[in-house]
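Below, each chain spelled out in residue letters.
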Amino acid sequence: MIRLNAPERAWDNLKEELAAVLEGKRMPAITEAWRATVAHLEENGDEQFYRQWLVGTKELAGVSWEVFWEWLRESAGMKEYLSPRAVIPWAQCISLVARNASPEAVGLIRSGSRILKQVHADGQGPLLEACISMALINWPAALALFDSLPLLVRWPPVDMDRWLTEGMDLAERDVETGRAYFAAAAMWQQVSFGDLFVPWLAGGRELFQINPIVARAYFNNSPALTAMPGQRLSISFLAQWANLAASLAANDIETAVAFLMNSPAVLGAGVPLPEWAACGHELLKDDPRAARSFFESSPRLLQEATWPEVRAWVERAVGESRGKNGRLAEFMALATRESVELLAGLRQGISLVEEERSLATYGAALFEEPVLIKSASRLPGELFPGELLPATTDGRRVYLPELTQVFPEREKNKALLRMLLVHEMSHLAEGTYQVTIDQLAEVSRKTGLPGVPLDNVTCLEEWLDLFGDYPLIRAVFELVEDARVDLLTGRKYPGLAREYKRFDELKPVACVPGSREAGLASLARLSLGRSEPVDLSTGPAQFFQQKIMYNGSPTVQDSLEVAVTWYRFLADRPSATGAPSYPRALYRGRLLPDLAAINAEVAVDSLLLKGRRKAQSLLKVRPGPAGTVTAYRTRAFYDALKDLLQGFFREEQITYRRVYFYDEWDVTAGGYKPHWCRVGEIVLQPSSRWLVEQTLSEYYGLISTLKKYFALLRPDRFRRYRRQEEGEQEDLDAIVEARTERSIGAPAAGFFIRRDKRLRDVAVAFLLDLSGSTDQVMNSGKSILDIEREAVIIMAEALEVIGDRYALYGFNGEGRHKVNFYIIKEFDEGYGMPVQQRFGGLKSEGLTRLGAAVRHAAGKLQRVEAVVKLLLILSDGRPYDVDYCSEKACTDLRSWLNADDTLYAREDCRMALREVRMRGMTSFCITVDRKGKEYLEDIFGPGGYVVIDDVTMLPEKLPVIYKKLTI
């Protein structure tokens, strides 16, 4: 226990001073944490560390309470990784960051143990002093520098000094460029600093002279190039890459940035850099926006077509768009129907959209379980770095590549896509992600690992994260587990085992004998049953054979035990690439335990909580060094991933009767965006008839009058046609007249009477706006939706009298992928109890993507046989949705601010209504938006709408408007 004697009274005074300051803050929780930490350090710490800690704590006493709380919380274990001399610089560094951004300072404290444990005690002080110097001029760069410390300590002092000096210079010139420079430190794990630093820095400085934004893109994307499997940087390549970017930047800065940002993905697809850049240069001559769109869409293009097909597509697009202002840029962005159709016509691959339904049927029949299939392109690209065929499962869904184009034969590509599905469903069927904490603890016990702390580990991903080299343990587990599920599926379905053999050829990977890559290649061959004699000569290989290949029913626990054995076997081997690299069979996707862990969180939240919850992941893992394939594993990334999966879950909870896709008109491109909007039909479930009964009671007098009035509009049921060649009875008058006419030699014909039905031939579809704004409450105490609902109920009662065929629909949505179309009553349904009970299920939520809803309602109306077809829209305001607009392409601030954000939506709606008229139908809008005249005439045309100033009059005015439109 520390004893503070009389000469050291100053330290006692400092402690008392700090205690007084904290008491003055009147925050009992922090005061209590302070007392507990002081007691712990006095009891267990050493005197020198304690003194330095007191000084460091005083440095932080003036920062935000969140930062100070985190400092106290970490202090108890700080001595395990921090030398006494480094305590004060560490506190000063935190304080400087906290002055600018408290959340980042909290993150800095939390990462301290992970970073500083890897730095020798003698080097901690000087390196933290460097971080302080950096924080004084550029705190974001200081954070990036701190993250790179474990790497810097391995460098020769000369290299480290040069790295810091050049970084300081850039950081002083531009904040973000300095941050990007230091964040790129991880790339030197993959390539030689001595050989490439000078040309790499020269390229960055050259681009900085042109524009700092371009230099940032250069530094930010350099690590991704080195992390790609098989990519080797050289002096000539770096010079070429920088020169191409400089050439583009001389013409357009944003185009150069797009080129640099998408270079890793394009090079990962095997496209020659000069050819790709030359293609963009040619487009730049015609339209900078077109070149920028080309570079930005290139990763997507190369998912859907080969590079020769993309080049042919660009050539055709230039020819077809020549002379059409702005058309080429939209074409390059794949934002028009013509561009997508042209690309589809040139490719030989299999699109997931084309095969999704048949794949779902096949998978459900094979595994006797329904399967949810989504495109892997909807997941963040960080999960599939450089993947040709991205595929995985999150424990609930199967994600498959957007395009499968490996072979020249379409049928073989289709078979490969089917086997990708089978392999991922095998992981679901065989319980890859269903391992429990108790099972993980048992594996730890059997393999001699430290006991798994059950209060800290909640899933497989966090257990794997306990290993020092996470990428390696995940790679070996993936290979072993792939072998297990393939083996079990092949035993159940021998025919599938033969199908696996069609696609299990491994592409040779160059590796040094005895290296980590050579060991992984050996395990890859073993997992496919293609082992060579040398592969079977090691103990881990024999253990793999025993536990997996020769086991009658291997489990996930067996796979984990084998993976631990192989991890120990390979961990100390030298690695040429840094990141695990090994050959993989074409039909095998990626094993992503972190994706499964986040999806499990979403599933638990859905059971415990109702409504939408802010996406905040609880996953506790370590991000990899910047620029590596696991650098994405941050809290922010997993929060965003959880939000995405929550969106998927909400989509799946909506029971769509059927889903449709519709084109959308883009006025800026002068063409349609193909299959742009996803419309899902939802049949409202019966709830309560109370709303109908209440409306009938409240408007009893109006409804009685309307029924009598509409009954008068009903014509005679039959009309008589005389002098017909055929009919139901003789026409006596015609017979008498015929005798007279014959006497004078005139011909006589037509001696029958025919009676035909003479009914009103009208069909009307009511389309109700159910967006969130309709929940606005009026002075009467009713919401706009309440009044819309009452008006439609009154009309339904009247239409039952007159006999017109009618349907009742509603719509809302949230983005182009989620336009909800609600069925209240179809044309062929009677107005009975089930329909009347559906009115209770109408709710105000979402936004108003009117164009897609109009197109869908018009399609249903067109299928009805009627002389008069009317689409009647009830809305409370202008069309609006989160992405119902075009991208602003203005170059100056004034033009950007003055751009019309509503033009795109208005023009799409106008075009949708034009399509209605071209089909021989009539549309009419009734709105309660008093500002409706400002935009409705543009959309519906003169006479195509009416504005009802007093919304409470809607139930009375709607029948009058209907009469005028149909009589």
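Okay, so let's go over this structure. Computed from a predicted model, the values in this text were never measured in an experiment.

## As for the pattern of salt bridges
Per the counting criterion, the structure on display carries 53 salt bridges. Its salt-bridge partner being glutamate 387, residue arginine 590 comes within 3.0 Å of it at the nearest N-O pair. You can see arginine 590 sitting in the loop between α29 (556-571) and α30 (593-608) and its partner glutamate 387 sitting in the loop between β2 (372-375) and β3 (392-393), a full 203 residues away along the chain. For glutamate 387, a relative accessible area of 18% puts it in the buried group. Linking lysine 860 and glutamate 681 is a salt bridge whose minimum nitrogen-to-oxygen distance equals 2.9 Å. Separated by 179 residues along the polypeptide, lysine 860 in helix α37 (residues 850-862) and glutamate 681 in strand β7 (residues 671-683) bring together distant segments of the chain. In this pair, the class of lysine 860 matches that of glutamate 681, namely buried.

## Observations concerning the nonpolar core
Looking at soluble globular proteins, one finds that nonpolar side chains tend to be buried together. Ranked by size, the top nonpolar core spans 124 residues in total, and within it Trp53, Trp71, Trp163, Trp200, Phe259 and Phe294 carry the most contacts. In this structure, tryptophan 71 is in contact with Trp53, Gly56, Thr57, Leu60, Met78, Val87, Trp90, Ala91, Ile94 and Ile109, ignoring residues within four places of it in sequence. Counting 64 residues, the second largest nonpolar core, distinct from the first, contains Leu421, Val443, Leu449 and Leu520.

## Thoughts on a positive patch on the surface
A cluster of basic residues, Arg357, Arg658, Arg863 and Arg919, forms a positive patch on the protein surface. Take arginine 357: it is sitting in helix α21 (residues 352-367).

## A closer look at the sheet that holds strand β11 (residues 762-769)
Spatially, the eight strands line up as an open sheet ordered β6-β7-β13-β12-β11-β14-β15-β16, and their pairing is mixed. The sheet terminates laterally at β6 (658-666) and β16 (945-947), the two strands that pair on one side only. For this sheet the average axis-to-axis angle between neighbouring strands, irrespective of direction, equals 25°. With six bridges joining them, strand β12 (residues 805-813) and strand β13 (residues 819-825) adopt antiparallel strand pairing. Looking at β13, one finds that glycine 813 is bridged to valine 819. Set on the sheet, helix α41 (residues 954-966) makes contact with β11, β14 (868-875), β15 (922-927) and β16; between it and β14 the angle comes to about 155°.

## Regarding the packing of aromatic side chains
Within this structure, the stated rule accounts for 36 aromatic pairs. Centre to centre, the rings of phenylalanine 259 and phenylalanine 295 are 5.5 Å apart; their planes meet at 70°, and the pair counts as edge-to-face. One end of the pair, phenylalanine 259, is in helix α15 (residues 253-268); the other, phenylalanine 295, is in helix α17 (residues 288-304), and 36 residues separate them in sequence. Each member of the pair, phenylalanine 259 as well as phenylalanine 295, is classed as buried.

## Let's talk about unusual backbone geometry
The phi dihedral of glutamate 368 falls on the positive side, at around 60°, and the residue is not glycine. Summarising the element assignment, glutamate 368 is placed in the loop between α21 and β2.

## Side note on the environment of arginine 678
Within the secondary structure, arginine 678 is located in strand β7. The spacing of arginine 678 and histidine 817 is 139 residues in sequence and 4.8 Å in space, taken between C-alpha atoms. Excluding its chain neighbours within four sequence positions, the residues that come into contact with arginine 678 are Glu651, Tyr656, Val659, Tyr660, Phe661, Arg816, His817, Lys818 and Val819. Reaching out from arginine 678, the side chain makes a polar contact with the backbone oxygen of histidine 817 at a distance of 3.1 Å.

## Focus on the state of the cysteines
Considering all chains together, one arrives at zero disulfides under this definition. Left without a disulfide partner, cysteine 93 is nearest to the cysteine sulfur of cysteine 131, which lies 5.0 Å away.

Rules of the game
Residues numbered from 1 in each chain as written. Predicted model: local features only at pLDDT ≥ 70, side-chain atom pairs only at ≥ 80, totals over all residues. Heavy atoms only, no water. Salt bridge = Lys/Arg side-chain N within 4 Å of Asp/Glu carboxyl O. Helix = DSSP H or I, 4+ residues; strand = E, 2+ residues; numbered from the N terminus. Buried < 20%, exposed > 50% of the residue type's maximum accessible area, 1.4 Å probe, protein only. Core = buried A, V, L, I, M, F, W, Y, C linked by side-chain atoms within 4.5 Å. Contact = heavy atoms within 4.5 Å. Patch = residues over 30% accessible without salt bridge, like charges linked within 9 Å, V, L, I, M, F, W, Y side chains within 5 Å. Areas by Shrake-Rupley, 256 points an atom, 1.4 Å probe, with all protein chains shown as cover. Lys, Arg positive; Asp, Glu negative; His and termini not counted. Charge placed at Lys NZ, Arg CZ, Asp CG, Glu CD. Pairing = 2+ DSSP bridges. Axes fitted to C-alpha atoms, helices over the stretch in contact; angles between N-to-C directions. Phe/Tyr/Trp six-rings, centres within 6.5 Å; stacked < 30°, edge-to-face > 60°. Polar contact = N/O pair within 3.5 Å; in protein donor to acceptor, adjacent residues only side chain to side chain. Disulfide = S-S within 2.5 Å.

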